[in-house]
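# Survey of secondary and tertiary structure
Next come the chains, spelled out residue by residue.
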Amino acid sequence: MEHFLQSPAKAELLKVTAAMGKSCANPESSSFEYDPSSPLTGLSPAMASLHGSLTAMETWLNDFPPQQTEHIRFGNPAFREWHQRLVQRSSSISWAVIQAMKSHPGHQDYGDIILSLACETGKEAAGSVLDATNFNADDRAVVEELSAYLQAAFGHPIRLDYGTGHECSFQVFLFAICKLGGFGSTSSDPPTAQRLKAVTLSIWSAYLRVTRRLQTDYMLEPAGSHGVWGLDDYHCLPFFFGASQLEQHGDDFTPKSIHDDSVISKEGDRFLYFGCIRYIKALKKGVPFFESSPMLNDISHLNSWEKVASGLLRLFEGEVLKKRQVVQHFVFGEIFKANWKPSDTPRTAPEETFRTDPGVPTMARAPWATNQSSSNLPSTKAPWAK
């Protein structure tokens, strides 16, 4: 964990994430406004391909309807079938992105025809299984690495849960594509603020449409929900990107606008932050907002979107990238790279933990479960128990 926190991988991931957010507030990108009715505008062909794949992935839920099971609060088993299809087709989706990137390098603006064709290619890729056995070693390694991040980005098929770790895997997936040049850039020529803004808002909106259906249709359990500190049960980054987007619209909307249901309803598709609030209110209908989302309620009293965005980026770093529960599930390759040597310390088998004599198991006891007097231990009382 300490190696990761000091690594270039963590620093670069945070830098790209911050740049994606800042691009939404950058005056240079103010001429571009995300239009949900024209989601391909401003994208690179590689990102248009990914958008098409995400659109197709949402339709997969129609092929695997939730099983009619009783006495299950969270986690419908049908999600495992959906996720199995993701595993089968993730290589095809990743390869379509790579092919679009190779066919259209650079960051020039692309016409509607090229972007539409790339989008259709992405949809087709999400409907097929790729055989990468005949690929050269470099292409196969890239496909395998991208596929691993994509497979981890939509929830866990065994635990039937979804959380910020899965969301972070999707950001790693985008980070890897960005490093390869898929945002429409080269190693010496980074993507423009306008291109970065289009990718952030369009691709994350498409991703959220998939994950929200997974969460509601399959009742995925929130993974590691922190309760009262949390923004919502599942997400973190869309709030940061959404707050950054609203920095350019501070004259029209303030952080307190989230309490105006007419604004949330009307603007939820266009503005990522309002869409997140609308989703929370739909899930927790009838519950006062200050009770269901106390942290978001507190944030609404800040006087600028800039302060909201900067705080949310710090939250992402502190509560996601610095948490072992998230980082322990990362996989590293040649793009998102571990620059340290893994520990080879042998692990102790669980059954050895409480043995006193070799081969003789003993009952595990709490440290305080002894025959000694406990008079020196302080008594535990509630504050009102006087």
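Residues numbered from 1 in each chain as written. Predicted model: local features only at pLDDT ≥ 70, side-chain atom pairs only at ≥ 80, totals over all residues. Heavy atoms only, no water.

The protein chain appears in an unreviewed UniProt entry as Serine/threonine-protein phosphatase 2A activator from Fistulifera solaris. Under the UniProt heading Function (unreviewed entry), the note attached to the protein chain is "PPIases accelerate the folding of proteins. It catalyzes the cis-trans isomerization of proline imidic peptide bonds in oligopeptides." Recorded in UniProt for the protein chain, the comment headed Catalytic activity (unreviewed entry) runs: "[protein]-peptidylproline (omega=180) = [protein]-peptidylproline (omega=0)". (UniProt positions renumbered as here; feature names shortened; annotations may be inferred.)

### Observations concerning the overall build of the protein chain
The helix and strand inventory of the protein chain stands at 15 helices and two strands. By the burial criterion, 46% of the 386 residues in the protein chain qualify as buried. Of all intrachain contacts in the protein chain linking residues separated by at least 6 positions in sequence, the fraction that spans at least 24 positions is 79%. Counting only carbon and sulfur atoms, one obtains 52% of the accessible surface of the protein chain, whose full area is about 20000 Å². (Helix = DSSP H or I, 4+ residues; strand = E, 2+ residues; numbered from the N terminus. Buried < 20%, exposed > 50% of the residue type's maximum accessible area, 1.4 Å probe, protein only. Contact = heavy atoms within 4.5 Å. Areas by Shrake-Rupley, 256 points an atom, 1.4 Å probe, with all protein chains shown as cover.)

### So, the packing of aromatic side chains
Following the criterion strictly, the structure yields 28 aromatic pairs and no others. Centre to centre, the rings of Phe271 and Phe274 are 5.9 Å apart; their planes meet at 75°, and the pair counts as edge-to-face. For the pair shown, Phe271 and Phe274 are each scored as buried. The structure contains a cluster of three or more aromatic residues connected by ring pairs, namely Trp60, Phe79, Trp82, Phe154, Phe170, Phe173, Trp204, Tyr207, Tyr218, Phe240 and Phe241. The ring of Tyr279 carries the charged tip of Arg212 above its face, separated from the ring centre by 4.9 Å. (Phe/Tyr/Trp six-rings, centres within 6.5 Å; stacked < 30°, edge-to-face > 60°. Lys NZ or Arg CZ within 6 Å of the ring centre and 35° of its normal.)

### Remarks on helix H2 (residues 8-25)
When the terminal C-alpha atoms of H2 are compared, their 26 Å separation across 18 residues agrees well with the 26 Å that a helix rising 1.5 Å per residue should span. Taken together, the buried positions of H2 are occupied by Ala9, Lys10, Leu13, Leu14, Val16, Thr17, Ala18, Met20, Gly21, Ser23, Cys24 and Ala25. Along its buried surface, H2 packs onto helix H1 (2-5), helix H7 (164-180), helix H8 (193-217), helix H9 (237-246) and helix H14 (305-321). (Expected span 1.5 Å × (residues − 1).)

### Examining the side chain of His51
Structurally, the position occupied by His51 is in helix H3 (residues 45-63). Leave out the neighbours within four places in its chain, and His51 touches Pro39, Leu40, Leu43, Ser202, Ile203, Ala206 and Arg209.

### Structural notes on the pattern of salt bridges
Any two side chains of opposite charge can pair, given that their charged atoms come close. One pass over the full model with this rule turns up 12 salt bridges. With a closest N to O distance of 3.1 Å, Lys102 and Asp139 form a salt bridge. Taken as a pair, Lys102 in helix H4 (residues 78-103) and Asp139 in helix H6 (residues 137-151) lie far apart in primary sequence, 37 residues in all. When its relative accessible area of 45% is taken as the criterion, Lys102 is described as partly exposed. A residue is classified by how much of its surface remains accessible, and Asp139, at 15% relative accessible area, is buried. Residue Arg278 is joined to Asp269 by a salt bridge in which the shortest nitrogen-to-oxygen separation is 2.7 Å. When its relative accessible area of 29% is taken as the criterion, Arg278 is described as partly exposed. (Salt bridge = Lys/Arg side-chain N within 4 Å of Asp/Glu carboxyl O.)

### Some details on helix H11 (residues 272-283)
With 12 residues, H11 should reach 16 Å at 1.5 Å per residue; the first-to-last C-alpha distance of 17 Å fits that figure. Listed as buried for H11 are Leu272, Tyr273, Phe274, Gly275, Cys276, Ile277, Tyr279 and Ile280. Residues of H11 that are buried sit in contact with H8, H9, helix H10 (261-267), helix H12 (289-292), helix H13 (294-299) and H14.

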